[in-house]
Amino acid sequence: MTLRCENLSYTELAERYGTPLYVYSQSALDEAFAAYQTAFAALNPLICYAVKANGNLSLIRRFAELGSGFDIVSGGELARVLAAGGSAAKTIFSGVGKSAAEMEYALKAGIKCFNVESLPELERLNGIAGRLNTRAPVSLRINPDVDAQTHPYISTGLKANKFGIAMRDAEAAYARAAELPHLRIVGIDCHIGSQLIRLDPLIEACERILALADRLAAQGIELQHIDLGGGVGIVYRDEDTPDLSAYAAAVQKLIGSRPLGLILEPGRSLVGNAGDLLTRVEYVKRNEDKNFVIVDAAMNDLMRPALYQAYHRIEPAEPPAAAPFTADIVGPVCETGDFLAKDRRIAAQAGDLLVVRGAGAYAASMAGNYNARRRAAEVLVSGSQARLVRRRETVEEMLANEQACL
Ligand code: LLP
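What counts, and at which threshold
Residues numbered from 1 in each chain as written. Predicted model: local features only at pLDDT ≥ 70, side-chain atom pairs only at ≥ 80, totals over all residues. Heavy atoms only, no water. Salt bridge = Lys/Arg side-chain N within 4 Å of Asp/Glu carboxyl O. Helix = DSSP H or I, 4+ residues; strand = E, 2+ residues; numbered from the N terminus. Buried < 20%, exposed > 50% of the residue type's maximum accessible area, 1.4 Å probe, protein only. Core = buried A, V, L, I, M, F, W, Y, C linked by side-chain atoms within 4.5 Å. Domains from an automatic or database assignment. Contact = heavy atoms within 4.5 Å. Phe/Tyr/Trp six-rings, centres within 6.5 Å; stacked < 30°, edge-to-face > 60°. Lys NZ or Arg CZ within 6 Å of the ring centre and 35° of its normal.

Caption draft 1: Spotlight on the pattern of salt bridges. Here the structure, examined in full by the defined rule, presents 23 salt bridges. A salt bridge links Glu179 to Arg176; the nearest nitrogen and oxygen atoms lie 2.6 Å apart. Placement of the pair is Glu179 and Arg176 together in helix α7 (residues 167-179), with a separation of three residues, close to one helical turn. Judged by its relative accessible area of 54%, Glu179 is exposed.

Next comes the structure, spelled out in structure tokens:
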């Protein structure tokens, strides 16, 4: 079978733009966004796309066109949102280490809310808002101490994680926020982890956060919104991913008649399966007891297998001429950890084009220049049209900020 993105064959795209190449499908982005809107329609949520999953300006612009807000974790991501025409008024700012400069930038831009993760951050934000003669809208990120049952590196809602304010300190933190003159309390948020395959931890976190919101209301602290953090997991292999309608129904039931708006911050599930990474086979190498398919994409283009032992499906773009064999699919980077797949059945020979699936999220956004490899190009496909939304980095661009000083 010849694999395609919408109406364009991957072979044609690779010939036109070269490899490695990230290819995104616009209709898949649209469908993923619509799935959240439809499932949660009764709650009329503000969906804030988590820019960290893929910060390409064209993807941000598309989500802005669809009515999305944005979840950012740095001034750089805010700059991306604004450059792409996203609305600051629909942007929320998460993250444990916001700098003073980032706070000032976001306040001046007029973002919807700061998701504050600690008491010192609260004090700093109050000081900066005071200096700017304004009041900063805040939500406190509460750590609900729920096990998200995902990979430890992407689990964030446990006591042991660096994220959020501990549940037992939450009421005191809200009381302090209420005392600070340059803050305006607007909400509460949590985020328990990513690539969530089970619904119950998400629902348990929602329950705990709502119970806290009730205790705060009893103390006279009325919130406008509850933000349940990131989205559900996606299928990389054969995962039984949560049903969005079931999630929405559970949240609706829990919120009940409380006058609380809902915010969601999905990243992976909006873009992950809308993107693939194209890579060409350079060599097939047979060592004494192992086969290696050496391709032109590497851990600097897709770090997930090396970092989280993540599984990505890899398929030939055209019906293969070679017979299948078992091999590690590896890149040119000089690290044993530089692999895209381990012990995989694959039919490939030098020159073949391979499609690495599920590379829309946390692939290009986590890419780097290790081994002085240039950042790959990105293409957005809509129907029979392909647009180059990031051109391949040149050697000159890669070297531009450096000087060979004596
Ligand atoms: N909100 C906050 C505060 C987050 O920290 C994250 C992800 C999200 C939303 C989006 O979560 P999602 O809907 O994508 O699950 N690099 C890792 C994933 C790191 C996720 C970090 N936080 C990976 O490649 O699996």
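Caption draft 2: Up close: the nonpolar core. Within the largest apolar cluster, 99 residues are counted, with the highest numbers of intra-cluster contacts made by Phe114, Tyr247 and Val293. With eight residues, helix α8 (residues 200-218) is the single largest residue contributor to this core. Counting contributing residues per domain, this core is built from domain 1 (4-22 + 274-404) and domain 2 (45-266), each supplying no fewer than three. If near-sequence neighbours (up to four positions away) are discounted, Val293 is found in contact with Val281, Tyr283, Phe325, Ala327, Asp328, Ile329, Val330, Ile346, Ala348 and Leu354. If you look at the next biggest cluster of nonpolar residues, it comprises 17 residues, including Tyr10, Ala14, Leu21 and Ala377.

Caption draft 3: Structural context of the packing of aromatic side chains. The final tally for this structure, using the stated rule, is five aromatic pairs. For the pair Tyr49 and Phe63, a centre-to-centre distance of 4.5 Å together with 35° between the ring planes defines the contact as tilted. Of the two residues, Tyr49 sits in strand β4 (residues 46-50) while Phe63 sits in helix α3 (residues 57-65), which places them 14 residues apart along the sequence. One exposure class covers both Tyr49 and Phe63, and it is buried. The rings of Phe33, Tyr49 and Phe63 are connected pair by pair, giving a single aromatic cluster. A cation over a ring is seen here: Arg237 above Tyr311, with NZ or CZ 4.0 Å from the ring centre. The side chain of Arg344 reaches across the aromatic face of Tyr311, ending 3.8 Å from its centre.

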